[in-house]
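Chain by chain, the residues:
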Amino acid sequence: MGVSNSWRLVATALFLGAASQAHAAPVFDVTVSAPTVKTSNADFDYFHVETFDNKAPVTNSIYVSSGTYDNGTSGDTSDDVSFSLTYTGVNIIPTDVYGGADLTDYAVAGINLGDSYEVKISTSAGAGVNYFGYWLSALDAGNTVTFYLDDDFLQSFSAGDVASIIGSNPAYAGHPDYPAGANNSREPYAFLNFYAKDGQTFNRIVFSQAPATGGGQAGYESDNHTIGFYTRKGDDETPVTTVPEPAALALFGLGLVGLGLSRRRKRA
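Structural notes, computed from the coordinates. All values derive from a computational prediction rather than experimental measurement.

1. Quick word on the overall build of the chain
1) Next: Across its full length, the chain holds three helices and 13 strands.
2) Next: Among the 268 residues that make up the chain, the fraction classed as buried is 51%.
3) Next: Considering only contacts within the chain whose residues lie at least 6 apart along the sequence, 80% involve residues at least 24 apart.
4) Next: A total accessible area of about 11,500 Å² is found for the chain, and carbon and sulfur atoms account for 53% of it.

Here you go:
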């Protein structure tokens, strides 16, 4: 597919995504942590982190991440919280310049390994959580994360929405664990925080990569998946202020098409 046709495809997809979100009140306050930060620094009643370390290779599989948050009171487990994150259709691959916080394994949708995967969340504290954070790596057009409470759609967040936070800030460009010149500096890397508002909770998340974008070789890379019940937002975070206008999305889409084509040459 030529660049011109690819541009039209991505620009149209981003336009429709913006239009679909324009009439819905946002469920989340979304922020981006400071450049090079790869973990959450919010405060929580309880939380759980999946790093995917030493888990690769896993392809289009079911993977369960579980654990218990210790309340810290010696001998008292009455208010400890157990977690289970069930990943369906997930791919976990070894670190490379496209992903892997601290050069460890990471999760991905796309790159011809499957266009999406789902995360179902259960805790012993009740239905759902109110926070999700993750280190987004090597942003591509077609990257979308969607939140649900059971089967009820809550909100989607696209590549264009990420662009509305970080813009062209060079501090987010490239994998921070690689040296300059070899860090894929044409794509942004950032830790995103999703804070549910007004008592809302969620228990299902879907990561997806539009299959027509990047010739099948683009992906939605992420790491350090963090869920929990937050009590205070993290310091040094930049909030999302607006969803980008369609014209801005089209321009951003053009840039990401170039990134997708570049990645296709590298991974093909």
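Continuing now.
2. Brief notes about unusual backbone geometry
1) Next: The peptide bond linking Ala56 to Pro57 adopts the cis configuration, its omega dihedral lying at 0°.
2) Next: Note that Pro57 resides in the loop between strand S2 (43-50) and strand S3 (58-69).
3) Next: One non-glycine residue, Ile111, adopts positive backbone phi at about 40°.
4) Next: Note that Ile111 resides in the loop between strand S5 (106-110) and strand S6 (116-123).
5) Next: The class of Ile111 is buried, set by a relative accessible area of 12%.
6) Next: At Asp198, a position not held by glycine, the phi torsion is positive, near 55°.
7) Next: Its location among the elements puts Asp198 in the loop between strand S10 (190-196) and strand S11 (204-209).

3. Overview of the side chain of Asp223
1) Next: Mapped onto the elements of the fold, Asp223 is located in strand S12 (residues 219-232).
2) Next: Of the side chains with opposite charge, Lys38 lies nearest to the buried Asp223, which makes no salt bridge, at 8.5 Å.
3) Next: From its side chain, Asp223 meets the backbone nitrogen of Ala101 in a polar contact 2.8 Å long.

4. Re the environment of Pro94
1) Next: Examined against the element boundaries, Pro94 turns out to sit in the loop between strand S4 (81-93) and S5.
2) Next: A relative accessible area of 48% means that Pro94 is categorised as partly exposed.
3) Next: Residues Pro94 and Asn54, 40 residues apart in the sequence, show an inter-C-alpha distance of 8.5 Å.
4) Next: Here Pro94 is in contact with Ala56, Asp105 and Tyr106, once residues within four sequence places are set aside.

5. Overview of the pairing of strand S1 (residues 28-33)
1) Next: Counting buried positions along S1 gives five out of six residues, so the element sits mostly inside the fold.
2) Next: Alignment of S1 against S10, held across five bridges, turns out to be antiparallel. Pairing of Phe28 across the sheet is with Ala196, part of S10.
3) Next: Two elements, S1 and strand S13 (residues 237-239), share three bridges in a ladder whose sense is antiparallel. The residue bridging Val32 from the neighbouring strand is Thr238, located in S13.

6. Regarding the packing of aromatic side chains
Here the distance between the centres and the angle between the planes together describe a pair of aromatic rings.
1) Next: Considering all chains together, one arrives at 27 aromatic pairs under this definition.
2) Next: Both rings, one in Phe157 and one in Phe194, keep their centres 5.2 Å apart while their planes meet at 90°; by these two values the pair is edge-to-face. In this pair, Phe157 is assigned in strand S9 (residues 152-158) and Phe194 in strand S10, connecting sequence segments 37 residues apart.
3) Next: Over the aromatic face of Tyr148 sits the side chain of Arg204, whose NZ or CZ is 4.1 Å from the ring centroid.

7. Some details on the pattern of salt bridges
1) Next: Taken as a whole and assessed by the stated rule, the structure comprises eight salt bridges.
2) Next: In this structure, Lys38 engages Asp102 in a salt bridge whose closest nitrogen and oxygen atoms are separated by 2.9 Å. Of this pair, Lys38 sits in the loop between S1 and S2 while Asp102 sits in the loop between S4 and S5, and the two are 64 residues apart along the sequence.
3) Next: For Arg204, the salt bridge goes to Asp151, with nearest N and O atoms at 3.7 Å. One end of the pair, Arg204, is in strand S11; the other, Asp151, is in the loop between strand S8 (143-149) and S9, and 53 residues separate them in sequence.
4) Next: For Asp151, a relative accessible area of 67% corresponds to the exposed category.
5) Next: Here the salt bridges share partners, and the residues they tie into one network are Asp29, Lys197 and Lys233.

8. Considering helix H2 (residues 159-166)
1) Next: Of all eight residues in H2, seven are buried; the element is thus mostly enclosed.
2) Next: Three or more residues of H2 are buried, namely Ala159, Gly160, Asp161, Val162, Ala163, Ile165 and Ile166.
3) Next: Positive backbone phi, at 55°, marks Gly167, one or two positions downstream of H2.

9. A short note on the environment of Pro211
1) Next: For Pro211, the location among the structural elements is in the loop between S11 and S12.
2) Next: Judged by its relative accessible area of 53%, Pro211 is exposed.
3) Next: Residues Pro211 and Ala109 lie 102 residues apart in sequence; the distance between their C-alpha atoms is 9.8 Å.
4) Next: Sequence-distant contacts of Pro211, that is, excluding residues within four places in its chain, are made with Asp115 and Gly216.

Definitions and limits used
Residues numbered from 1 in each chain as written. Predicted model: local features only at pLDDT ≥ 70, side-chain atom pairs only at ≥ 80, totals over all residues. Heavy atoms only, no water. Helix = DSSP H or I, 4+ residues; strand = E, 2+ residues; numbered from the N terminus. Buried < 20%, exposed > 50% of the residue type's maximum accessible area, 1.4 Å probe, protein only. Contact = heavy atoms within 4.5 Å. Areas by Shrake-Rupley, 256 points an atom, 1.4 Å probe, with all protein chains shown as cover. Lys, Arg positive; Asp, Glu negative; His and termini not counted. Salt bridge = Lys/Arg side-chain N within 4 Å of Asp/Glu carboxyl O. Polar contact = N/O pair within 3.5 Å; in protein donor to acceptor, adjacent residues only side chain to side chain. Pairing = 2+ DSSP bridges. Phe/Tyr/Trp six-rings, centres within 6.5 Å; stacked < 30°, edge-to-face > 60°. Lys NZ or Arg CZ within 6 Å of the ring centre and 35° of its normal.

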